[in-house]
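# Notes for the structure review
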Amino acid sequence: MSGQPITVAVAGAKGKMGQEVVKMLLADEALRFVVGIDSKLNGVDVGEVVGGKPLGVPFVNSLAEALQTYQPDVLVDFTTPHTAYQHTATAIEYGVRPVVGTTGFSPAQLAELAQRCRERQIGAVIAPNFAIGAVLCMKFAAIAAKYMPHVEIIELHHDQKLDAPSGTALKTAEMIAAARQPFKQGHAQESESIQGARGADYQGFRLHSVRLPGLVAHQEVLFGATGQTLSIRHDSLSRESFMPGVNLAIKAVLNLETLVYGLENLLD
Ligand code: NAP
């Protein structure tokens, strides 16, 4: 495939993230956008929705039909949790490498998709956060948890987000849990007069999800120890912040033969 642009289909190309992906693909000569997948806009030129002028690239509403007709190298998916799981499985079946930013995959779904990749010897990338700063936030939090094991995670997103906690917060929680001895934080007799006041329990520490219009994607990891606190915070201020990570994953997935979960596993 050397010298030829990497051909890319985008599922959810009409969505907030999908539109940014389309703009990123159009700006990179090494990538060629060939088809958008949308459940409603069959046959419409993607350019009429993204950017306003025709691109000569259509929306197709069946993923299988789009993959058969356009035979892209890579499928980028930013849709909904249920759809993304189906799309990822279909792409693997058709030998098209998935790069998935949609969040909300369960551990069982990830394990099953990884198995399908192994069987087909095909690469895939699923990353709950494609922003480099968010990946660093997770890594720094895991380092801090070893020395300051009392921690809470607050994640903040726009109010149209479907899943809670965010995929990034869950991944951060996993990395923190792997770095500290498990124990239950807070007072042994603490109680909630309003259910949920203390957030969700993840292996003894708490996760809190804030949903408000105006927010994009933000996370703060708070550590407390005797006489001191540490805050590690990341803010995605626009959806462009995710695009260098998506671009990197599209190029990296061609050389993978397994499913990689998390952008940090594609970085040195
Ligand atoms: P959004 O604006 O609601 O876009 C989702 C798009 O998916 C919509 O255009 C929707 O079209 C489309 N869609 C839904 N079902 C479909 C189907 N069966 N076939 C084709 N298209 C379908 O949402 P968003 O803000 O872009 O977020 C999308 C996902 O990305 C979410 O899971 C979010 O958490 C995640 N995200 C990930 C990252 C990351 O770095 N990994 C960053 C930000 C967001 P209709 O409205 O026509 O159904």
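## Quick look at the site of the ligand
As a structural note, the neighbourhood of the ligand is formed by 23 residues, with K14, K16, M17, T103 and F130 the closest of them. One nitrogen or oxygen atom from the side chain of S39 is found 3.5 Å from an oxygen atom belonging to the ligand. Taking T83, its side chain carries an N or O atom lying 3.5 Å from a nitrogen atom of the ligand. For the ligand, whose free accessible area comes to 930 Å², the fraction covered by protein is 80%. Secondary structure elements with two or more residues in the shell around the ligand: helix 1 (16-26) and helix 3 (81-93). Partitioning the shell around the ligand into residue classes produces 7 nonpolar, 11 polar and 5 charged.

## Some details on the packing of helix 3 against helix 4 (residues 107-120)
Where helix 3 contacts helix 4, the two axes come as close as 10 Å, and the packing angle between them is 10°. Classified by the angle between their axes, helix 3 and helix 4 sit roughly parallel to one another. Contact with helix 3, carried on its side by Y85, T88, A89, I92 and E93, involves Q109, E112, L113, R116, C117 and R120 of helix 4 and no other residues of that element. Of the residues in the contact of helix 3 with helix 4, the class split is 5 nonpolar, 2 polar and 4 charged.

Rules of the game
- Residues numbered from 1 in each chain as written.
- Predicted model: local features only at pLDDT ≥ 70, side-chain atom pairs only at ≥ 80, totals over all residues.
- Heavy atoms only, no water.
- Near = heavy atom within 4 Å.
- Polar contact = N/O pair within 3.5 Å; in protein donor to acceptor, adjacent residues only side chain to side chain.
- Areas by Shrake-Rupley, 256 points an atom, 1.4 Å probe, with all protein chains shown as cover.
- Helix = DSSP H or I, 4+ residues; strand = E, 2+ residues; numbered from the N terminus.
- Nonpolar A, V, L, I, M, F, W, Y, C, P; charged D, E, K, R; others polar.
- Axes fitted to C-alpha atoms, helices over the stretch in contact; angles between N-to-C directions.
- Parallel < 35°, antiparallel > 145°, perpendicular 65-115°, else oblique.
- Contact = heavy atoms within 4.5 Å.

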